[in-house]
Each structure stands twice: as C-alpha cells, then as structure tokens.
Amino acid sequence: MPESYINKDLRFNSYGTYLRRRFGYRVSKVNVDGGFTCPNRDGTRGDGGCVYCDNSSFSPNSTLARIPIEIQMLEGMAYHRRRLGSEKFIIYFQKYTNTYGPVSKLRDLYHRALSHPDVLGISVGTRPDSLSDECLELLTELATRHYVCVELGLQSMDDAILNRINRGHTLAEYLQAVHRLSGRGIELCTHLIYGFPGETRRGFLRTADLLATLPINSVKLHQLHAVKGTRLAEMYRQGEFVPVSHQEYLATVCDFLEILPPQIAVQRLYGSAPLAIRVAPNWDFKNNQMWYTVVNELKRRGTWQGCRLAGSSSRVGNL
Ligand code: SF4
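The notes below deal with the structure included here. (Residues numbered from 1 in each chain as written. Predicted model: local features only at pLDDT ≥ 70, side-chain atom pairs only at ≥ 80, totals over all residues. Heavy atoms only, no water.)

All right, on to the site of the ligand then. Taken together, 10 residues are adjacent to the ligand, and Cys38, Gly49, Cys50, Cys53 and Arg127 come closest. By residue class, the composition of the shell around the ligand is six nonpolar, one polar and three charged. (Near = heavy atom within 4 Å. Nonpolar A, V, L, I, M, F, W, Y, C, P; charged D, E, K, R; others polar.)

Laid out in structure tokens, this is it:
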C-alpha cells in the first residue's frame, strides 16, 4: 500500500527515511563546490540571474573551487559521522549549475567523488537547460554502478512567474529535461519555491498534480526569501515583494503534502539564510523547528502525505 513509504512519526516520506530503506543504514549528503558557474548569469541564458540569487556569491573568483573536492568531502563526511553517526554518503554538487561545463571536467569531478569507498553516489544540482547529450550519457553510465540523482530547479510551473523572476527557462524546458533524463536509472529531484509575487496557493498546489504525472523521485521545497544584495531584496524594499506569512506557508506545505504522491520523497520543506544576510521573511525558526511545525500541523489535521489522493486510505489509524 502506498502508505508504506511514509515515516509514521513524520507523516510524510522523508528523504532520510527513503535512503535508510534503500541502503539499510544512515546516509548523509555532503555538499561540495565543484567550481561551476551559471548560464543564467554569464550571458548564455541571461546575465542578471534569478531575482533571489545571491549576487555576492558570484564574484568571479568564487566560481573557482579553491579547495579540492577530496578535502571538502573528507571534512563533510567527518562532520556527518560525528553529528549523525552516518556511515555512507552521497556527494552533492550543489553550488551553481553542476552540469554546466565540458564533459571532461564533469567526468573528472564525478569520478573523483565516487572513488571514495564510503560514497554511494552523487547528487547533481542543475538547470533544465544545461544537460548536454554527452552529460546525459556520462550520468547514465555512472548510474549503472552508483546512485545518481539529478536535482532540477523548476521553482515554479507558471511561465509568467518564471519570466518575472528571470529564471531564463520555461516549464516546457523542464518537462523536456525530465523526459530526456527518465528511463536511464537516474533519480530525479525537483526544486520548488513558494511565495513568488503574484503566486496563489491554488496555483502553487497544481505543482503537486504535475509532479504526480512525472517520473520524479523526490522534491525540495522552500519559501521565497530575500537576502542582501539581490534584486528580490530591492523588490522587498520597494513593496513589490511581500513575503508569505509563516502560517500561510505552513498551511500551503501541508496542503501540498496531502496531494503529493507518497512515493515522492521529501528532501526539504523550508529554507533559511544566515542572519547576517537575511532580509525577509524573518520567521526565526531553525531548520528542525520548521520541520516539526509541519509534522505537528499534519498531526493536528490528522492527515499525511498523499492522503487526499484518490485510492488513499482515509484512516489515520493506518499510519
Ligand atoms: S539558476 Fe541558480 S545559480 Fe543560476 S542565477 Fe538562478 S539561482 Fe543563481
């Protein structure tokens, strides 16, 4: 039954639960910086970047990873071993667009990440417009021997919003990327944001319906938040961006989970920015506190991930 995917305590299918179920032990993601840049900033697709993108992180030098990924990995793995007791790891190429470069560079970085005996696989964050045929072949080949996940930024399924936030790609490009990636043994994660100017809760919730029709394995969601130096921060000052309230976000996340198929694992439900650069909103929750506001709200509602989908059991007792 579909509810077998769900962590009974959390009431949704958390990615941690999924990894433990799949691999049999605690697995942590370790972030590394592979020294990439982004086509939405270097003029290839756009030159302003997404309105919420942290400009300060785009000084030319910051796109050259100065620390070899082996060192970054060792430090990250030691941290997760110490803090969580993790035994195995997935190396997460997170910063900027991690398929945007010559395939020789991608092959070198991915192979180096996978060569550590405690590394089970890689997760690669990217944009729908940055997947060359050669890159797909490389990822497909790696996926025959390792866990490989591609994390695609969609953020919104509304082209008008994508245009307004200067994403530099369309929904159609995302759908095409999903189509090209599927059937290759590669896991797919989709990144979403809620709270764009002009966005409605009803409009956002359609995204869960869309994901239900696609071969998506996991999702990451966070609220739109502005940090210093971004165009979004300027829009906030001009009154053009009004952040959603915590209550509104919480209600939307729970509505979203209730119509999200239970087999889609949830990697993130909330984003945070360091206090020093945070502009808005200022909800003042730590990540795990935010996580548990969602859990508690689902408990209060007596609902769980996918419970409002046709064919789902309607009794909370089944949890
Ligand atoms: S795609 Fe990512 S890295 Fe590129 S401009 Fe947008 S937020 Fe920044």
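Turning next to the sheet that holds strand β1 (residues 27-32). Taken in spatial order, the seven strands make up an open sheet running β1-β2-β3-β4-β5-β6-β8, and their pairing is parallel. Because the sheet does not close on itself, it has two edges, and the strands there are β1 and β8 (265-268). On average, each strand axis in the sheet is tilted by 25 degrees relative to the strand beside it, whichever way the strands run. Here six bridges tie strand β5 (residues 187-194) to strand β6 (residues 218-223), and the two strands are oriented parallel to one another. Paired with Tyr194 across the two strands is Gln223, which belongs to β6. (Pairing = 2+ DSSP bridges. Helix = DSSP H or I, 4+ residues; strand = E, 2+ residues; numbered from the N terminus. Axes fitted to C-alpha atoms, helices over the stretch in contact; angles between N-to-C directions.)

So, on to helix α1 (residues 15-23). Each α-helix turn comprises 3.6 residues. Residues three or four places apart therefore point the same way. Among the residues making up α1, those that are buried are Tyr15, Thr17, Tyr18 and Leu19. The elements touched by buried residues of α1 are β1, β2 (88-93), β4 (147-155), β5, β6 and β8. In the segment just after α1, Gly24 is the residue with positive phi, at about 90 degrees. (Buried < 20%, exposed > 50% of the residue type's maximum accessible area, 1.4 Å probe, protein only. Contact = heavy atoms within 4.5 Å.)

Counted by the stated rule, this structure contains 11 aromatic pairs. Their ring planes at 15 degrees and their centres at 6.2 Å tell us that Tyr270 and Trp283 sit as a pair that is stacked. Separated by 13 residues along the polypeptide, Tyr270 in the loop between β8 and β9 (278-280) and Trp283 in the loop between β9 and α10 (287-301) bring together distant segments of the chain. Each of the two residues, Tyr270 as well as Trp283, counts as buried. One aromatic cluster is present, formed by Tyr194, Phe204, Tyr249, Phe256, Tyr270 and Trp283 through successive ring pairs. The ring of Tyr92 carries the charged tip of Lys29 above its face, separated from the ring centre by 4.1 Å. When the ring centre of Phe36 is taken as origin, the NZ or CZ atom of Lys105, which lies over that ring, is 4.3 Å away. (Phe/Tyr/Trp six-rings, centres within 6.5 Å; stacked < 30°, edge-to-face > 60°. Lys NZ or Arg CZ within 6 Å of the ring centre and 35° of its normal.)

Everything listed is a geometric property; what it means functionally is a separate question.
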